[in-house]
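Now for the letters of each chain:
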Amino acid sequence: MMIGPGAVVTTKPPAGRPGRTAVTKQKLFDAALKLVGERGAASVTVDEIAAEAGVAKGTVYYNFRSKDALVDALLRHGVDLLAARLAEAGREPDAPSAVHRLVDNTLGFFAEYPAFAQLLVGELWRTPGQWHDTLSMLRNDIVSIMREQLQRAADAGLLPEGVQVRTASAALFGTLLVVALDWQTFEPERSREEVRDSVLPLIRRVAAAPGEVN
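Worth saying up front: this structure is predicted, and the values here are computed from it rather than measured.

Attention now moves to the overall build of the chain. Check the secondary structure of the chain and you find 10 helices and zero strands. Counting helices and strands in the order they occur from the N terminus, the chain gives α-α-α-α-α-α-α-α-α-α. Put simply, the chain has 214 residues, and 46% of those count as buried. For the chain, restricting intrachain contacts to residue pairs at least 6 apart in sequence, the fraction spanning at least 24 positions comes to 66%.

Written as structure tokens, this is what we have:
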């Protein structure tokens, strides 16, 4: 299942409500992502999502029961997709290569789905937030993947002495999220490679490109 056009949505329908199509659900995901990313989930209405998707208002309720259920499903799906990208770093043969790929894949994901970056920034640290519990769980999923790769770096002696992997993992996620959003908002003409290479010196001891650790 993907957020972008042409993706296949596989959210299981509620019992007794058959006939929902992947095409219709994808329209609703795309519409919700665009509107919520721009304005925040709280200010977007079901009518606006339906209008943006080009469907009747009742279609939203038929597929997701409520706006909240749609946004919750969107958040879960987007983080699942990001987690799959980040998990690819675990296949790298050494710690520097793994963290390098972690950075590159994170920036690549948010370049592909900039509205999702806006959605996370807008909702993740909102206090109190309607989706706080969901986002806390999803944030932990992402940070745990980053922590696994940073632990590899720590075990290899690449982290500065005294750095706590748990804190470093959360900091890395926050840094990449904000950098990606700043890039897409203010400097979209820059290439992903250029942005990545400007980020890596900030975490040089951890995320050095393959062969750069001395």
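Turning our eyes to something else, we now look at the nonpolar core. By size, the foremost hydrophobic cluster in this structure holds 63 residues, and its most contacted members are Ile-49, Leu-70, Leu-75, Phe-110, Phe-116, Ile-142 and Met-146. Looking at this core element by element, the count peaks at 10 residues for helix α4 (residues 67-87).

This part is about the packing of α4 against helix α6 (residues 114-124). Between α4 and α6, the least distance of the axes is 11 Å, while the angle of their chain directions is 115°. Both α4 and α6 take part in a crossing whose hand is left-handed. Residue-level inspection shows Leu-74, Leu-75, Gly-78 and Val-79 of α4 in contact with α6, the latter providing Phe-116, Leu-119 and Leu-120. Among the residues forming the contact of α4 with α6, the class breakdown is six nonpolar, one polar and no charged.

Moving on, we get to the pattern of salt bridges. Tallied over the entire structure, the rule returns 13 salt bridges. Notably, a salt bridge pairs Arg-39 with Glu-48, separated by 3.1 Å at the nearest N-O pair. With a closest N to O distance of 3.5 Å, Lys-57 and Asp-47 form a salt bridge. On the criterion of sequence distance, the pair formed by Lys-57 in helix α3 (residues 57-64) and Asp-47 in helix α2 (residues 46-53) is long-range, its members being 10 residues apart. Owing to a relative accessible area of 44%, Asp-47 belongs among the partly exposed residues under this scheme. Where salt bridges share partners, they join Asp-104, Arg-192, Arg-196 and Asp-197 into one cluster.

So, about the packing of aromatic side chains. Within this structure, the stated rule accounts for four aromatic pairs. Both rings, one in Phe-109 and one in Phe-110, keep their centres 5.3 Å apart while their planes meet at 75°; by these two values the pair is edge-to-face. As far as the burial class goes, Phe-109 and Phe-110 line up, both buried.

When the terminal C-alpha atoms of α4 are compared, their 30 Å separation across 21 residues agrees well with the 30 Å that a helix rising 1.5 Å per residue should span. Burial runs high along α4: 15 of the 21 residues are buried.

This next bit is on the confidence of the model for the chain. Of all residues in the chain, 84% have pLDDT values of 70 or greater, and the mean over the chain is 82. Predicted confidence in the chain is weakest over helix α10 (residues 204-207), with a mean pLDDT of 50, and strongest over α2, with 93. Note on residues 1-19: pLDDT is under 50 here. Beyond four places in sequence and across chains, it has 42 contacts.

Moving on to unusual backbone geometry. Although it is not a glycine, Arg-65 sits at a positive phi angle of roughly 75°. Here Arg-65 lies in the loop between α3 and α4. Judged by relative accessible area, Arg-65 falls into the exposed class, the value being 56%.

Scoring rules and cut-offs
Residues numbered from 1 in each chain as written. Predicted model: local features only at pLDDT ≥ 70, side-chain atom pairs only at ≥ 80, totals over all residues. Heavy atoms only, no water. Helix = DSSP H or I, 4+ residues; strand = E, 2+ residues; numbered from the N terminus. Buried < 20%, exposed > 50% of the residue type's maximum accessible area, 1.4 Å probe, protein only. Contact = heavy atoms within 4.5 Å. Core = buried A, V, L, I, M, F, W, Y, C linked by side-chain atoms within 4.5 Å. Axes fitted to C-alpha atoms, helices over the stretch in contact; angles between N-to-C directions. Left-handed = near helix turned anticlockwise from the far one by under 90°. Nonpolar A, V, L, I, M, F, W, Y, C, P; charged D, E, K, R; others polar. Salt bridge = Lys/Arg side-chain N within 4 Å of Asp/Glu carboxyl O. Phe/Tyr/Trp six-rings, centres within 6.5 Å; stacked < 30°, edge-to-face > 60°. Expected span 1.5 Å × (residues − 1). pLDDT = per-residue confidence, 0-100.

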